[in-house]
Amino acid sequence: VGSKGLHQREEILTMRTALRSIEWPEDELSVYATLRGHLFGIMDETLFLFRNRYRRLNIFLDQPEDTEPAMDGVWHSLGILKALNLTRNDVPIADTIRRLLDSVRAHAIFAFHHGGARRLANLHRLAELARLAETSSRMSFREFVRWLDEESDEGQTPEAPVLEQSGGVKLMTLHKAKGLEFPIVILVATSFV
């Protein structure tokens, strides 16, 4: 048990990389990281084979008719990123985030990881930040992605609150428990002889 800032969480790092690849599709490293990461999960071998064959990972490549079946996942993923890129300035930022999450079934992906409730709450917090940024300061998609990068450097954005489940036992160090409240606390001391 413990808490990090929002931008240090794995699911938020994954989403920031994906949003960066949507805004700047010429950034091959971001596109590669997005395709390789949790959202799309394409294996390195497939991505390397694709890049060797087509010379680059670009969402605007036209899919040839005689592609190998092994490349279908890469073409499908690039198509999702392309569609999001083309509409990113025509729809609310939160809608682009929602469409990305829905197209890869990210809620299911993150829900089954350790701390799934926390991960899902953080994804919803990111969408809420997008809504607030757009309504309060009329940010464009590009400005929002840049703002997220600046916020991650500062590290001040807290995680989304998650209600603790009642019942059960929580094991944690004294340092992790600092500032928390529990109705019953049992301290265990060990001595080494």
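Below you will find a few notes about this structure.

About the cut-offs
- Residues numbered from 1 in each chain as written.
- Predicted model: local features only at pLDDT ≥ 70, side-chain atom pairs only at ≥ 80, totals over all residues.
- Heavy atoms only, no water.
- Helix = DSSP H or I, 4+ residues; strand = E, 2+ residues; numbered from the N terminus.
- Buried < 20%, exposed > 50% of the residue type's maximum accessible area, 1.4 Å probe, protein only.
- Contact = heavy atoms within 4.5 Å.
- Areas by Shrake-Rupley, 256 points an atom, 1.4 Å probe, with all protein chains shown as cover.
- Polar contact = N/O pair within 3.5 Å; in protein donor to acceptor, adjacent residues only side chain to side chain.

Glancing now at the overall build of the chain. Assigned secondary structure in the chain consists of nine helices and zero strands. Taken from the N to the C terminus, the helices and strands of the chain come in the order α-α-α-α-α-α-α-α-α. The buried share of the chain, reckoned over its 193 residues, is 38%. A separation threshold of at least 6 residues defines the contact pool for the chain, and within that pool the share at least 24 residues apart is 63%. Of the roughly 12200 Å² of accessible surface on the chain, a fraction of 55% belongs to carbon and sulfur atoms.

Here we take up the environment of leucine 174. Inspection of the secondary structure puts leucine 174 in helix α9 (residues 174-177). Measuring from C-alpha to C-alpha, the distance between leucine 174 and leucine 187 comes to 8.8 Å, with 13 residues separating the pair along the chain.

On the secondary structure map, arginine 20 appears in helix α1 (residues 10-23). Among the polar contacts made by the side chain of arginine 20, one reaches the side chain of aspartate 149 at a distance of 3.0 Å.

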